[in-house]
Each structure stands twice: as C-alpha cells, then as structure tokens.
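The primary structure of each chain is shown beneath.
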Amino acid sequence: MPEYKGVCHCGATEWTVEIPEEKHILCHCGACKLMGGGEFTLNQIIPKSNFHLTKGDLKVYSYKGDSGNSVDCFMCPKCASSPYHHQHVMGENTIVIRTGLLKGSDKWGKPAAEIYDKDRASWLPQTGEASFPEVPPS
Ligand SMILES: [Zn+2]
Ligand SMILES: [Zn+2]
C-alpha cells in the first residue's frame, strides 16, 4: 500500500499514512469551509491504524456533526493544520484523512466523489466521478 507523508504549515508536526485508494473525496460542507477557509476540503476514509504521527503532538477540537455524533478534529497546536478528523458516527477505527496535506497527492487527478454537493459554490463546476447532495447512502 503506498505511503504518503504530511507536514503541517509550521513544521511542528509530521505524519505518514498508508493510502488504500489514491483518490480525493471533495467535501463542500459548512464545517469544512469554516475550518479550512476554502470552498472544499480533500479527504479519504482510511483505517485509523494507517495513520502514524511521527513528530509533535496534536490537539483536538470537537463539534457535533449532522448525525448528532461528535466529530473530533486533530490539528497542530501551533499552526492549526489538520491532518485528520474522526467522525464517531463512522465507528472507532475509521478516520477521515485530509489528503490535500499529503505530499504527492496533487498528482492523483480527478476526485472519486463530491459530498455535500448541495453546498457547492454555484461558480464551481462539478469535478468528482460521483456526486452526493449530502453523504452517500449507507
Ligand atoms: Zn504546525
Ligand atoms: Zn466537510
């Protein structure tokens, strides 16, 4: 399985991740926009054991997601770059990695899917191979 490395903006934290599928999932939800300061975030769902913090410590910010379950966002305590978040609704062993922070992930090409596409900016074309108004049916 290919391994990728991530480094936060200030360099205080570093991590490596084994990525099962080298594809981004775009998220247009309101929380991603507010925390990322952009129109969408780039993500992939992976087993928690695939993530390895190799330098520094992460702080946690938690909020209640749409499901009513808590979402824990892990971030550098100095610069707030966020390598991953944990949506408890998805179970304890699954995390959502921010693929945009992984070196080399800019070469992955077209995203596999867009979620919360109902909140996509009107000026932004749909780019994912699949699109879901909110989350895919499970
Ligand atoms: Zn940092
Ligand atoms: Zn989102």
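Residues numbered from 1 in each chain as written. Chains lettered and ligands numbered in written order. Predicted model: local features only at pLDDT ≥ 70, side-chain atom pairs only at ≥ 80, totals over all residues.

(A) Focus on the nonpolar core. V17, I46, F74, M75, Y84, I95 and I97 are the most contacted members of the largest nonpolar core, which has 13 residues in total. Breaking this core down by element, the ones donating at least two residues are β2 (14–18), β7 (70–75) and β9 (94–98). Top contributing element to this core by residue count: β7, with three residues. (Core = buried A, V, L, I, M, F, W, Y, C linked by C-beta atoms within 7 Å. Buried ≥ 20, exposed ≤ 12 C-beta atoms within 10 Å, placed from the backbone. Helix = DSSP H or I, 4+ residues; strand = E, 2+ residues; numbered from the N terminus.)

(B) Local environment of the sheet that holds β7. Taken in spatial order, the eight strands of this open sheet run β6-β7-β8-β9-β4-β3-β10-β11, and their pairing is mixed. Each of the sheet's edge strands pairs with one partner strand only, and the pair in question is β6 (59–64) and β11 (130–131). Sheet analysis places strand β10 (residues 113–115) next to β11, joined by two bridges and oriented parallel. Along β11, the bridge assignment pairs A113 with A130. (Pairing = 2+ DSSP bridges.)

(C) Expanded view of unusual backbone geometry. Even without glycine at this site, A80 takes up a positive phi of about 70°. A tally of 14 C-beta atoms within 10 Å means that A80 is categorised as partly exposed. In this model, Y116 sits at a positive phi of 55°, which is unusual for a non-glycine residue. In this structure, Y116 sits in the loop between β10 and β11.

(D) A look at the UniProt feature "domain: CENP-V/GFA" (unreviewed entry) in the protein. Mapped onto this numbering, the UniProt entry gives "domain: CENP-V/GFA" (unreviewed entry) at residues 4–117. Span residues 4–117 is 6% helix and 42% strand, its end C-alpha atoms 27 Å apart. (UniProt positions renumbered as here; feature names shortened; annotations may be inferred.)

(E) The arrangement of the environment of L58 in detail. Note that L58 resides in the loop between β5 (51–55) and β6. As a C-alpha pair, L58 and C32 span 26 residues in sequence and 18 Å in three-dimensional space. Setting aside its immediate chain neighbours within four residues, L58 contacts T13, L53, F74, M75 and C76. (Contact = placed C-beta atoms within 7 Å.)

(F) Quick look at the environment of S70. Within the secondary structure layout, S70 lies in strand β7. Here S70 is in contact with S62, K64 and H88, once residues within four sequence places are set aside.

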